[in-house]
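Each chain, written out:
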Amino acid sequence: MDEKRKKRLIWQLPFLTLLIVGTILIIRQQQVTPYQKNSGLIFGTTYNITYQHGDDLHKDILAQLKEVDATLSMFNEKSIITRVNSNQHPELTPMFMEVFNEAQQISKETGGAFDITVGPLVNAWGFGFKHEQMPDEHAVDSLMALVGYQKVKSDGKKIIKKDPRITLDCSAIAKGYGVDVVARLLDKEGVKNYLIEIGGEVITKGISEKRLPWKIGVTKPTDDPLVDGNELQTVLNVTDKAMATSGNYRNFYYKGKRKYAHTIDPKTGYPVQHNILSATVLTNCCMKADAYATAFMVMGLEKAQKVLEKHPELMVYFIYDKNGQNAVWYSPSLKEKIQQ
């Protein structure tokens, strides 16, 4: 080794040593930093949040969730969406506009299968904010005049409706958005490892407390009350992904011999009769995963597959009925994430 190379190596050694020591200290710090666990009730459901941080951030997390509630909750009489629905023209905050614009975009992408104006029909069929009697054909036709995402728009300051009786209902996107809002807070706080779950909608980052990738189960759909409703169909590795699931197998009722599921088709006004039993969507944004999961339940397997051809950023796991038996279809890109 010539003298010049020796000198260069001597100069490099301190830097290499510092790099190695620094890496060891970072790893050690990550190992000793505790995982915080926060849980509670929000949006009429539960939330469970696990994250690695030296401080308990529950107060800040709850403040963010309450802001989402004050923006999008149908049960909050003072929320922005409630005031929009009663034609009060409240100030539209960036949070409200972010959700409204995303909902409108997904409505366009899915040909109206996702639609935040469908609330009156959901209520009429007994699944929504209000519980009314089962509608007859005339009632459905009347309500259809108040449904359609094209019938509402924003000028940046207020929501403009073609009919003042039109109402907005973000229940099929709000939980996912709440997850995203908490994730942004934790990212801002420098948290590298977390799992956020609100009402079954999830986003993860990094690794779990066991130093392993985050894994989430997909429940096997069943409407048999004698069967354990927590039996898993599969387990997915969802590290650094958002995941949302929509299904008709838990929210339904029978009238006579006919089953009525809670997913309403905005185009027909009636509960969907398609073959998808459960739609799980993985992507980078939980709000988007939440909305698309609902849209795919409305569309059915074949139409959903056509939409997916245009959206490679979406990965799905569908459980559907095939001749009376549960069958599975999933995105080829999801295969490596299936654990069982």
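Residues numbered from 1 in each chain as written. Predicted model: local features only at pLDDT ≥ 70, side-chain atom pairs only at ≥ 80, totals over all residues. Heavy atoms only, no water.

1. Section: the pattern of salt bridges
For step 1, the next point in the chain: Per the counting criterion, the structure on display carries seven salt bridges.
For step 2, the next point in the chain: A salt bridge links Glu98 to Arg184, with the nearest nitrogen and oxygen atoms 2.5 Å apart. Highlighted residues: Glu98 in helix H4 (residues 94-109) and Arg184 in helix H7 (residues 174-188), separated in sequence by 86 residues.
For step 3, the next point in the chain: Judged by its relative accessible area of 28%, Glu98 falls in the partly exposed class.
For step 4, the next point in the chain: On the basis of relative accessible area, Arg184 is assigned to the partly exposed category, the value being 42%. (Salt bridge = Lys/Arg side-chain N within 4 Å of Asp/Glu carboxyl O. Helix = DSSP H or I, 4+ residues; strand = E, 2+ residues; numbered from the N terminus. Buried < 20%, exposed > 50% of the residue type's maximum accessible area, 1.4 Å probe, protein only.)

2. A few points about helix H2 (residues 58-72)
For step 1, the next point in the chain: A rise of 1.5 Å per residue sets the reference length of H2, with its 15 residues, at 21 Å; its end C-alpha atoms lie 21 Å apart and thus fit the reference within 8%.
For step 2, the next point in the chain: Those residues of H2 lying buried are Ile61, Leu65, Val68, Asp69, Thr71 and Leu72. Along H2, the residues classed as buried sweep out an arc of 165 degrees about the axis, all on the same side. When the buried face of H2 is taken as reference, the exposed residues oriented beyond 90 degrees from it are Lys59 and Lys66. (Expected span 1.5 Å × (residues − 1). Arc of directions from axis to C-beta.)

3. Looking at the packing of aromatic side chains
For step 1, the next point in the chain: Throughout the structure, instances matching the rule amount to five aromatic pairs.
For step 2, the next point in the chain: With a centroid separation of 6.3 Å and an interplanar angle of 10 degrees, the aromatic rings of Phe96 and Phe100 are classed as stacked. In this pair, Phe96 and Phe100 are both assigned in helix H4, four residues apart and thus about one turn of the helix distant. Exposure class is identical for Phe96 and Phe100. Each is buried. (Phe/Tyr/Trp six-rings, centres within 6.5 Å; stacked < 30°, edge-to-face > 60°.)

4. Observations concerning the sheet that holds strand S14 (residues 325-330)
For step 1, the next point in the chain: Strand order in this open sheet of eight strands is S1-S2-S5-S6-S9-S12-S13-S14, and the pairing throughout is antiparallel. For this open sheet the edge positions go to strand S1 (35-42) and S14, each flanked by a neighbour on one side alone. Put simply, the sheet's adjacent strands are angled 10 degrees from each other on average, direction ignored.
For step 2, the next point in the chain: Sheet topology note: the strand S13 (residues 315-322)/S14 ladder contains six bridges and is antiparallel. Of the residues in S14, the one forming a bridge with Tyr320 is Ala327.
For step 3, the next point in the chain: Against the sheet, H7 makes contact with strand S2 (45-52), strand S5 (194-198) and strand S6 (201-205), and its axis sits at roughly 155 degrees relative to S5, the strand it touches most.
For step 4, the next point in the chain: The strands that helix H8 (residues 286-299) touches are S6, strand S9 (242-247), strand S12 (276-283) and S13; relative to S12, the one it contacts most, it runs at about 155 degrees. (Pairing = 2+ DSSP bridges. Axes fitted to C-alpha atoms, helices over the stretch in contact; angles between N-to-C directions. Contact = heavy atoms within 4.5 Å.)

All quantities given are derived from atomic positions and should not be read as evidence of function.
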